[in-house]
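Structural description and commentary
Okay, here's what each chain looks like letter by letter:
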Amino acid sequence: MSRERNCPPKADILAIDDTPENLALLSQMLTEKGYKVRSVTKGSTAIRGAKAVAPDLILLDVKMPEMNGYEVCQQLKADDRTRDIPVIFISALGDVFDKVKAFQVGGVDYITKPFQVEEVLARLDTHLTIRNLQLKLEAQNSQLQQEIAEKTAAEDKFAKAFRTCPNPIAIAAYESGQLLEVNQSFLQMSGYAISEVTNKNIGQIYSKSAWAVYQQAVHKSDSQGFIHNLELEFPTKSGQIKTLLLSMEIIELGGTKCTLQILNDITERKRLENEFISLVSHELRTPMTSTIGALDLLNSGQLGTLSDRGQQILRVAIRNSERLIRLVNDILDLERMKSGKIAIQPMFCSLEPLLVQAVETMQAMAEKAQVKLLLEPCDANINLDSDRILQTLTNLLNNGIKFTEPGGTVKLTAKVQRDRCQIVIQDTGRGIPADKLESIFERFQQVDASDSRSKGGTGLGLAICRHIVERHHGKIWAASELGTGSSFYISLPLQHQTRN
Ligand code: ADP
């Protein structure tokens with residue numbers, strides 16, 4: 001049974017010999033071993049055939065009348081389509097065979113007639129294997145070339161974007177935090193020369209608070225791949241503090257894990273925003289104060305009695321005016337604190353009376369809301385600005401009461417842990433979604449857009465609290481379970497030098 005019907009041929013061989021008997025013999029020998037053989041008696045026909053369909057290997061008789069083997073081989077090697085096909089010469093014993101010429105014109109080997117089956121097969125096998133390996137290598141090579149070209153193109157694009165991007169960009173080693181590269185915009189923004197930043201540690205260039213934001217960004221980018229727009233304060237070389245938004249992605253550069261930091265300088269935008277807010281607030285405060293005075297006068301009855309409907313409208317007007325003046329005061333408070341116009345004046349004092357005072361201040365509101373206020377005794381002496389910490393505590397108690405249903409409780413506790421004091425305001429209220437636990441400390445951030453209307457808040461309280469606590473070198477954060485309640489934690493050092 002012929003193997004051709006079942007298996008694909010081992011290889012396609014083109015045999016050229018002017019003696020048909022030789023060809024028949026060769027063809028039979030090779031076909032039996034599973035090769036596909038095309039037999040041709042003339043050199044010119046063989047060249048045409050090889051160009052039309054390239055064989056895997058050519059067996060070529062040296063001595064032929066019209067065009068001898070050397071000439072056929074030369075022509076095959078001169079054409080791109082046939083150049084790489086291995087050619088094995090066949091010479092008869094007793095023929096004048098110039099081996100050197102055979103190799104010079106491009107032959108890879110030769111065999112002699114009469115054929116020895118094993119020898120022909122062994123040589124064929126060797127050269128087909130070499131040819132196959134060569135083809136494989138060429139394919140791998142061209143794939144590699146293509147990959148390199150694609151990578152280079154991608155790198156070129158990245159390098160161009162890096163260079164020309166108007167945003168400051170910095171790349172630092174992930175592990176060590178060492179700055180590897182920064183772009184021109186980074187140098188312009190920071191005022192540093194390239195030699196002053198490369199190979200420095202990020203911690204040496206960023207401020208302490210910016211370094212903390214950087215680490216927070218690394219942590220988040222690690223878990224979610226990237227992070228966008230974290231605000232930080234960056235000290236330039238000349239000492240100017242710039243407000244930047246940091247976006248980060250973890251990348252690999254030359255086999256090293258790195259952080260790619262894209263910054264957005266919003267200093268000017270922030271300045272204009274703050275200026276606008278404070279200007280509007282100042283302009284609003286005077287007329288609002290006199291409006292409230294007028295409304296109070298109306299409410300006192302000194303100008304006559306109002307109808308029930310009039311009283312009702314007056315109450316709404318007073319409530320809204322008070323909310324507006326609270327908002328204006330909060331904005332100005334925050335602005336003054338941020339610009340350092342309000343100094344923190346710490347004094348060493350006992351914490352307990354401050355906690356009692358905070359609870360007493362909020363007692364009336366708690367009773368009205370039917371929320372129980374609890375205070376656990378605490379024996380701690382601490383260095384703090386009591387007015388400002390009282391403001392923080394009343395704000396947090398106010399929130400706790402506001403967001404807790406009647407019948408619920410708000411508890412104030414404090415305990416000393418080594419050189420720090422931890423104050424906790426815990427409520428049994430509606431709770432805060434996990435993704436809002438951090439953002440509520442930013443200006444005008446509320447869990448629900450209707451909170452300011454329905455609860456009378458301004459969305460500035462927690463931003464002010466955080467500012468006060470940080471000015472005491474402390475930390476403030478929230479934890480919560482939806483529907484169960486929230487806890488606000490303040491951790492303060494017992495002794496410290498305040499930053500004004
Ligand atoms: P507001 O004046 O609106 O209370 P804050 O900055 O104090 O402003 O609080 C921001 C937002 O955080 C609130 O509007 C509310 O959505 C949420 N929040 C604050 N404290 C609590 C709390 N104890 N329980 C539930 N939500 C709270």
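Since the structure is predicted, the reported quantities are computational estimates derived from the model, not experimental observations. Every residue gets a number counted from 1 within its own chain, in the order that chain's sequence is written. Given that the model is predicted, a residue must reach a pLDDT of at least 70 before its local features are reported, and side-chain atom pairs must reach 80 or more before they are shown or counted; all residues, however, enter totals for whole chains, interfaces and linings. Side-chain figures throughout are based on the complete set of non-hydrogen atoms in the structure, without hydrogens or water.

Structural notes on the overall build of the chain
Put simply, the rule reads: We count a stretch as a helix when DSSP gives it H or I for four or more residues in a row; a strand needs E for two or more, and each element gets its number in order from the N terminus. Radius of gyration: over C-alpha atoms. The globule rule applied is 2.2 Å multiplied by the number of residues raised to the 0.38 power. A 1.4 Å probe rolled over the protein chains alone gives each residue an accessible area, and that area as a share of the maximum for its type sets the label: buried under 20%, exposed over 50%, partly exposed in between. In this description, contact between two residues means that some pair of their heavy atoms is separated by no more than 4.5 Å. Here the accessible surface of atoms and residues is derived via Shrake-Rupley with a 1.4 Å probe, and residues count as covered only by protein chains that are part of the display. Residues scored as charged are limited to Lys and Arg (positive) and Asp and Glu (negative), so that His and the chain ends carry no count. A charged residue contributes its charge at one atom only: NZ of Lys, CZ of Arg, CG of Asp or CD of Glu.
Counting secondary structure elements, the chain contains 15 helices and 17 strands. Taken over C-alpha atoms, the radius of gyration comes to 43 Å for the chain, far larger than the 23 Å a tight globule of 500 residues would show. Judged by the C-alpha coordinates and their principal axes, the chain covers about 140 × 55 × 50 Å. Counting all 500 residues of the chain, 42% fall into the buried class. Here the contacts in the chain between residues at least 6 apart in sequence split such that 60% fall between residues at least 24 apart. For the chain, the accessible area works out to roughly 27800 Å², and carbon and sulfur atoms hold 52% of it. For the chain, the centre of its 58 positive side-chain charges and the centre of its 60 negative side-chain charges are spaced 3 Å apart.

So, the sheet that holds strand 5 (residues 109-113)
Going by this rule: Two strands make a pair as long as DSSP finds a minimum of two bridges between them. Every angle, taken between N-to-C directions, lies between 0 and 180 degrees, and every axis is a line fitted to C-alpha atoms, over only the stretch in contact when it is a helix.
The five strands are arranged 2-1-3-4-5 in an open sheet whose pairing can be described as parallel. Here the strands that pair on one side only, and so sit at the sheet edges, are strand 2 (36-40) and strand 5. Strand-to-strand, the axes of this sheet are offset by a mean angle of 20°, without reference to chain direction. Sheet topology places strand 1 (residues 12-16) next to strand 3 (residues 57-61); four bridges connect them, and they run parallel. Residue pairing in the sheet places alanine 15 in a bridge with leucine 59 of strand 3.

Describing the environment of proline 346
Summarising the element assignment, proline 346 is placed in the loop between helix 11 (308-338) and strand 11 (347-350). On the basis of relative accessibility, which here comes to 27%, the residue proline 346 falls in the partly exposed class. For proline 346 and arginine 285, which are 61 residues apart along the polypeptide, the C-alpha to C-alpha distance reads 29 Å.

Regarding the packing of helix 11 against helix 15 (residues 461-471)
If you want to describe how two helices pack, look at the angle between their axes and the distance between the axes. What counts, and what does not: For classification purposes, an angle smaller than 35 degrees is called roughly parallel, one larger than 145 roughly antiparallel, one from 65 to 115 roughly perpendicular, and anything else oblique. By definition, turning the near helix anticlockwise from the far helix through less than a right angle yields a left-handed crossing, and turning it clockwise yields a right-handed one. Under this grouping Gly is polar, as are all residues other than the nonpolar Ala, Val, Leu, Ile, Met, Phe, Trp, Tyr, Cys and Pro and the charged Asp, Glu, Lys and Arg.
Look at helix 11 against helix 15: their axes get within 10 Å of each other, and the N-to-C directions meet at 25°. By the angle between their axes, helix 11 is roughly parallel relative to helix 15. When you trace helix 11 past helix 15, the crossing you get is left-handed. On the side of helix 11, the interface is formed by Asp330, Asp333, Leu334, Met337 and Lys338, while helix 15 contributes Ala463, Ile464, His467, Ile468 and Arg471. Within the contact of helix 11 with helix 15, the residues separate by chemical class into five nonpolar, one polar and four charged.

A look at the nonpolar core
Counted only if it meets this: Only buried Ala, Val, Leu, Ile, Met, Phe, Trp, Tyr and Cys residues count toward a nonpolar core, and they belong to the same one when joined by side-chain atoms within 4.5 Å. For every domain, the bounds stem from an assignment made automatically or drawn from a database.
Residues Leu351, Leu393, Leu397, Ile423, Ile425 and Ile490 are the most contacted members of the largest nonpolar core, which totals 47 residues. With seven residues, the top contributor of residues to this core is helix 12 (residues 351-368). Each of domain 3 (269-339) and domain 4 (347-493) gives at least three residues to this core. If sequence neighbours within four positions are ignored, leucine 351 has contacts with Cys378, Ala380, Ile382, Leu384, Ala414, Cys421 and Ile423. By size, the runner-up hydrophobic cluster in this structure holds 26 residues, among which are Val182, Ala217, Leu244 and Leu263.

A look at helix 3 (residues 69-78)
Quick reminder of the rule: Read the arc as the range of directions from the helix axis to the C-beta atoms. Any pair of N or O atoms that falls within 3.5 Å is considered a polar contact. Within protein, one atom must be able to donate a hydrogen and the other to accept it, and sequence-neighbouring residues count only if both atoms are side-chain atoms.
Within the sequence span of helix 3, burial applies to Gly69, Tyr70, Val72, Cys73, Leu76 and Lys77. Axial view of helix 3: buried residues confined to an arc of 160°, hence all on one face. For helix 3, the secondary structure elements touched by its buried residues are helix 2 (43-52), strand 3, strand 4 (87-92) and helix 4 (99-104). For helix 3, the N-terminal capping position is held by asparagine 68, with its side-chain oxygen 3.1 Å away from the main-chain nitrogen of tyrosine 70.

Side note on the confidence of the model for the chain
Convention followed: Note: pLDDT gives the predictor's confidence per residue, expressed from 0 to 100.
Of the residues in the chain, 97% reach a pLDDT of 70 or more, and the chain-wide mean stands at 90. By mean pLDDT, the top-scoring element of the chain is strand 12 (residues 372-375) (97), and the lowest-scoring one is helix 14 (residues 451-455) (66).

Regarding the sheet that holds strand 16 (residues 475-481)
One key point about sheets: their strands pair by backbone hydrogen bonds, in either a parallel or an antiparallel sense. Pairing in this open sheet of five strands is mixed, and the strands run 12-14-15-17-16 from one edge to the other. Each of the sheet's edge strands pairs with one partner strand only, and the pair in question is strand 12 and strand 16. Looking at each pair of strands side by side, their axes are set apart by 15° on average, direction ignored. In the sheet, strand 16 pairs with strand 17 (residues 485-493) via seven bridges, with the strands oriented antiparallel. In the strand pairing of strand 17, lysine 475 is matched with serine 491. Against the sheet, helix 12 engages strand 12, strand 14 (409-417) and strand 15 (420-427), with an angle of about 175° to strand 12. Packed onto the sheet, helix 15 meets strand 16 and strand 17 and runs at close to 135° relative to strand 16.

Quick word on the packing of aromatic side chains
Here is the rule: Centres within 6.5 Å are what make two rings of Phe, Tyr or Trp a pair, Trp counting through its six-membered ring; a difference in plane orientation under 30 degrees is then read as stacked, over 60 as edge-to-face, and the rest as tilted.
Overall, the coordinates contain nine aromatic pairs when judged by the stated rule. Here tyrosine 206 and tyrosine 214 contribute two aromatic rings whose centre-to-centre distance is 6.0 Å and whose plane-to-plane angle is 85°, an arrangement assigned as edge-to-face. Across this residue pair, the class does not change: tyrosine 206 and tyrosine 214 are buried. Among the aromatic side chains, those forming a connected cluster through ring pairs are Phe186, Tyr206, Trp211, Tyr214 and Phe234.

A short note on the side chain of serine 321
Along the chain, the position of serine 321 falls in helix 11. A relative accessible area of 7% places serine 321 in the buried class. If we ignore the near neighbours within four places in the chain, the residues touching serine 321 are Met288, Ile292 and Leu295.

Regarding unusual backbone geometry
The omega torsion across lysine 113 and proline 114 is -5°, close enough to zero to call that bond cis. Relative to the helices and strands, proline 114 resides in the loop between strand 5 and helix 5 (117-164). One non-glycine residue, asparagine 199, lies in positive phi territory at about 70°. With respect to the helices and strands, the residue asparagine 199 is situated in the loop between helix 7 (194-197) and helix 8 (202-205). Taking relative accessible area as the criterion, asparagine 199 reaches 54% and is therefore assigned exposed. Positive phi is not limited to glycine here, since histidine 473 has a value of about 65°. Of note, histidine 473 is situated in the loop between helix 15 and strand 16. Residue histidine 473 is classed as partly exposed on the basis of its relative accessible area of 37%.

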